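Inside the fold
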Amino acid sequence: MRAESPGPQHEWLDDDAGPVVRPYTLTGGRVRSGAVGFDLVAYVLAEAAADPTVHPELHPEHRRLVALAARPVPVAELAVDLDLAVGVVRVLLGDLLSRGLVAVHQPTAAAYLPDDDILKAVVSGLRAL
């Protein structure tokens, strides 16, 4: 049997996981960024003069994103590093982008994608070997 911890118990406190904060509280209930959507493989890089302490309204997660983006890092990796949903990270990145603290570099679109007929011909040729 587990011993109860002293002090008041709160429904938002989980003994195993620690304090539980719903992801939407970090974004103020927003589910979309004010900026254009971020691709999962888009690279984020903190601006050279980025100083998140100038913006007292930023959450610790915002500051952590700026620190992690000191080197180019994909959006998906930021979500993993912060242990947050990608949607939440996208909203937080939109906040940082609007304040000029980060730059987002979208991947270049493929200039040429092979036709399905060409791919089928290649597969058929490989099978014939």
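Our subject is the structure listed above.
Nothing here was measured: the structure is a model prediction, and the numbers come from that model. (Residues numbered from 1 in each chain as written. Predicted model: local features only at pLDDT ≥ 70, side-chain atom pairs only at ≥ 80, totals over all residues. Heavy atoms only, no water.)

**A word on the pairing of strand β3 (residues 43–46)**
Burial along β3 is one-sided: the residues V44 and A46 are buried and none of Y43 and L45 is. Across 2 bridges, β3 lies against strand β4 (residues 73–74) in antiparallel orientation. Bridged to Y43 within β4 is P74. For β3 and strand β5 (residues 102–105), the ladder comprises 4 bridges, and the chain directions are antiparallel. For L45, the partnering residue across the bridge sits in β5 and is A103. (Buried < 20%, exposed > 50% of the residue type's maximum accessible area, 1.4 Å probe, protein only. Helix = DSSP H or I, 4+ residues; strand = E, 2+ residues; numbered from the N terminus. Pairing = 2+ DSSP bridges.)

**Observations regarding the sheet that holds β3**
Spatially, 3 strands are ordered β4-β3-β5 in an open sheet, and the strand pairing comes out antiparallel. Across the chains shown, the open sheet's two edge strands, defined by having one partner strand only, are β4 and β5. Helix α4 (residues 86–98) rests against β3 and β5 of the sheet, and its axis sits at about 115° to β5. (Contact = heavy atoms within 4.5 Å. Axes fitted to C-alpha atoms, helices over the stretch in contact; angles between N-to-C directions.)

**Remarks on the nonpolar core**
Counting 22 residues, the largest nonpolar core has V44, L65, V75, L78, V89, L93 and L96 as the members making the most contacts within it. For this core, the secondary structure elements donating two or more residues are β3, α2 (60–68), α3 (75–82) and α4. When residues of this core are assigned to their parent elements, the largest contribution, 5 residues, is made by α4. Ignoring anything within four residues of it in the chain, the contact list for L93 reads F38, V44, L65, V75, L78 and V102. (Core = buried A, V, L, I, M, F, W, Y, C linked by side-chain atoms within 4.5 Å.)

**Observations regarding α4**
Under the 1.5 Å per step criterion, the end-to-end length of α4 is 18 Å for 13 residues, consistent within 8% with the ideal 18 Å. Listed as buried for α4 are V88, V89, V91, L92, L93, G94, D95 and L96. A positive phi of about 75° marks G100, the residue just after α4. (Expected span 1.5 Å × (residues − 1).)

**Examining the pattern of salt bridges**
All told, the structure shown has 1 salt bridge when counted by the stated rule. For R71, the salt bridge is made with E77, and the minimal N-O distance between the two is 2.9 Å. (Salt bridge = Lys/Arg side-chain N within 4 Å of Asp/Glu carboxyl O.)

**Points about the environment of Q106**
Here Q106 is to be found in the loop between β5 and α5 (116–128). Overall, Q106 belongs to the partly exposed group, its relative accessible area being 40%. Between the alpha carbons of Q106 and V41 there is a distance of 7.5 Å; along the sequence they are 65 residues apart. Side-chain polar atoms of Q106 contact the backbone nitrogen of D39, separated by 3.5 Å. (Polar contact = N/O pair within 3.5 Å; in protein donor to acceptor, adjacent residues only side chain to side chain.)

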